[in-house]
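The residues making up each chain are set out below.
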Amino acid sequence: MMAITSSAVPRVLGSIENHLRAGSLSFWALGFIGLVALPAYASSDLLGRASKCGDFHDCFNVMLQSADPRNPEAISVAAARIAEFQKPARGNRKAARELNTKGLAEFKKTNFTESVTLLQQASTEDPGDVEILSNLGLALLKANRAQEARQALRSSLAINPRRTSAWVPMADVLSEIGDSDSAMAALLLAYEFSENKEKTRTYFDGKAGSSERNASMYAQVLKRIDEPRQTAAPANTSTPSLSGRQTLSKSEAHAYVIQKVDADPDFRSNPMMKEMMLCFMEGALDDIYSGVSSLDKAIFESRLSEYGDGLKKDDPQVQLRLMKCLVNSPILEQAIKEKSAEERPSSPAASAPLLDMDDLRLDMASLDGKKVRVRGVGNYMMDMFMLKKSMTDMSPMIVDITQLPRDQRREIMKQCSDLMSGCRITVHGTVGKVSFQKGLLAERIEW
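Computed from a predicted structure; not experimentally measured.

### Points about the overall build of the chain
For step 1, the next point in the chain: Helices and strands together make up the secondary structure of the chain, namely 21 helices and 8 strands.
For step 2, the next point in the chain: For the chain, the residues scored as buried account for 46% of the 447 residues in total.
For step 3, the next point in the chain: In the chain, the share of contacts with a sequence separation of at least 24, taken over all contacts with a separation of at least 6, comes to 65%.
For step 4, the next point in the chain: As displayed, the chain offers around 22300 Å² of accessible surface, 50% of which is attributable to carbon and sulfur atoms.

Below you can see the structure in the form of structure tokens.
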């Protein structure tokens, strides 16, 4: 396994590396170098259309047509193409999530009209929230607004074309408007992308045994799932390596990476590692295909080899790519929890309530003099320590760390001085005046 130096990781290095090893993470076993021997894709019409589909509508139709007979290469390439398209800008996530919760509460009460209204407001607050769009599509369907439901679900799939929980209601919508073939295909795609096929099959089974109007559709899909699935045959069954190709598109390379990760048993059993690996490989392909959509075979092999060398040699740019994925993955959060548990005193004092950064900002005046606990991203710069909700937060909170033990202050200087990544940290302290403004007087920190 590639060595990860202490300069590239925060203080939870040991715990993180244990997680990496637990996932049997080996970039070479995964097939990073193996990508050089990328098999040639079939020259089928669907695959060709998938690699060239220029908008969501075209790619969406290719995916439906590739569901049965099953053409996994075309499905993956079309999904990868959709992933490259521009996504809606994110908005007020907190407000959107609060409205989403209210909308779901109304949905559970079968107040579908009220649910739609709330979920539409939620989507307006944050147009890029794929879950809210999926919920809105389902609520619109229940409110007998099938055409609007189809548009909401299309918007959801345009953000994440591999979302099983969007393909299922899409199948119900297509069935409702009379497109039975596409509805069947959508259900097969829901099963194709499911990370828990047993659970998905149980859901299908329940729907098939219900008195709902589309119960027969679910029964037919279950029959197709249980039968040996016909798979579209490749044009060249010998699947030669890249020696038989002159160019390779980014979409084709991306689809192959996804297939390779999906096929690895270590990643199937460890979703956190799978998520991190896909993040890293997508970043690698972004670097390799920087500014271009396809590459000559020789150039691709050369850039891939350089990236592999960078991993082995701990190249700073490649390490930064790895660390960005690590910071955004559940692995880091789990490692921080484990490290905190290891260092927690045997008889700790009762902890102050954990506050959200936004709530702390809003209630700062009423919390003056009170003990609080808050978690965020810390940055140490020019003898000043600032705490933010995320790296994109433009309103940092000033934290006075002068009363912390020397070893904790030193650790903050060591781990939190990188302005690109900062450090994930929990601060225990008292709300008070710091540098002539309201801030936090730190008394203890946790990593």
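Okay, back to it.
### Structural notes on the confidence of the model for the chain
For step 1, the next point in the chain: Mean pLDDT over the chain works out to 76, with 69% of the residues at or above the 70 mark.
For step 2, the next point in the chain: Ranking the elements of the chain by mean pLDDT puts helix 2 (residues 27-30) last with 35 and helix 7 (residues 112-125) first with 95.
For step 3, the next point in the chain: Low pLDDT, under 50, characterises residues 229-244; the stretch is placed with 27 contacts to residues that sit more than four places away or in other chains.

### Structural notes on the packing of helix 3 (residues 45-52) against helix 5 (residues 72-84)
For step 1, the next point in the chain: Across the interface, helix 3 lies against helix 5 with an axial gap of 8 Å and an inter-helix angle of 10°. Here helix 3 is positioned roughly parallel relative to helix 5, judged by the angle of their axes. Contacts from L46, L47, A50, S51 and K52 of helix 3 reach helix 5 at E73, A74, V77, A78 and R81.

### Here we look at the state of the cysteines
For step 1, the next point in the chain: According to the stated counting rule, one finds 2 disulfides in the structure shown.
For step 2, the next point in the chain: Here C53 is linked by a disulfide to C59, with a sulfur-sulfur distance of 2.0 Å. Between C53 and C59, the S-S dihedral sits near 95°, and the bridge is therefore right-handed. Assigned by exposure class, C53 and C59 land together as buried.
For step 3, the next point in the chain: In this model C416 forms its disulfide with C423; the gap between the sulfur atoms is 1.9 Å. Its torsion about the S-S bond being 90°, the disulfide of C416 and C423 is classed as right-handed. We note that C416, like C423, is buried.

### Re the packing of aromatic side chains
For step 1, the next point in the chain: Taken as a whole and assessed by the stated rule, the structure comprises 6 aromatic pairs.
For step 2, the next point in the chain: A ring pair is formed by Y203 and Y218, whose centres lie 6.4 Å apart and whose planes are at 80°; its orientation type is edge-to-face. You can see Y203 sitting in helix 12 (residues 197-208) and its partner Y218 sitting in helix 13 (residues 215-226), a full 15 residues away along the chain.
For step 3, the next point in the chain: When its relative accessible area of 42% is taken as the criterion, Y203 is described as partly exposed.
For step 4, the next point in the chain: You can call Y218 buried: its relative accessible area is 0%.
For step 5, the next point in the chain: Geometrically, the ring pair formed by F204 and Y218 is edge-to-face, given 5.5 Å between the ring centres and 70° between the ring planes.

### Digging into unusual backbone geometry
For step 1, the next point in the chain: Residue P69 is bonded to the preceding D68 through a cis peptide linkage, with omega at 0°.
For step 2, the next point in the chain: Tracing the backbone through its elements, the reader meets P69 in the loop between helix 4 (56-65) and helix 5.
For step 3, the next point in the chain: Non-glycine residue T110 carries a positive phi angle of around 65°.
For step 4, the next point in the chain: Along the chain, the position of T110 falls in the loop between helix 6 (93-108) and helix 7.
For step 5, the next point in the chain: Residue N144 is not a glycine yet carries a positive backbone phi of 65°.
For step 6, the next point in the chain: Inspection of the secondary structure puts N144 in the loop between helix 8 (130-142) and helix 9 (146-159).

Parameters at a glance
- Residues numbered from 1 in each chain as written.
- Predicted model: local features only at pLDDT ≥ 70, side-chain atom pairs only at ≥ 80, totals over all residues.
- Heavy atoms only, no water.
- Helix = DSSP H or I, 4+ residues; strand = E, 2+ residues; numbered from the N terminus.
- Buried < 20%, exposed > 50% of the residue type's maximum accessible area, 1.4 Å probe, protein only.
- Contact = heavy atoms within 4.5 Å.
- Areas by Shrake-Rupley, 256 points an atom, 1.4 Å probe, with all protein chains shown as cover.
- pLDDT = per-residue confidence, 0-100.
- Axes fitted to C-alpha atoms, helices over the stretch in contact; angles between N-to-C directions.
- Parallel < 35°, antiparallel > 145°, perpendicular 65-115°, else oblique.
- Disulfide = S-S within 2.5 Å.
- Phe/Tyr/Trp six-rings, centres within 6.5 Å; stacked < 30°, edge-to-face > 60°.

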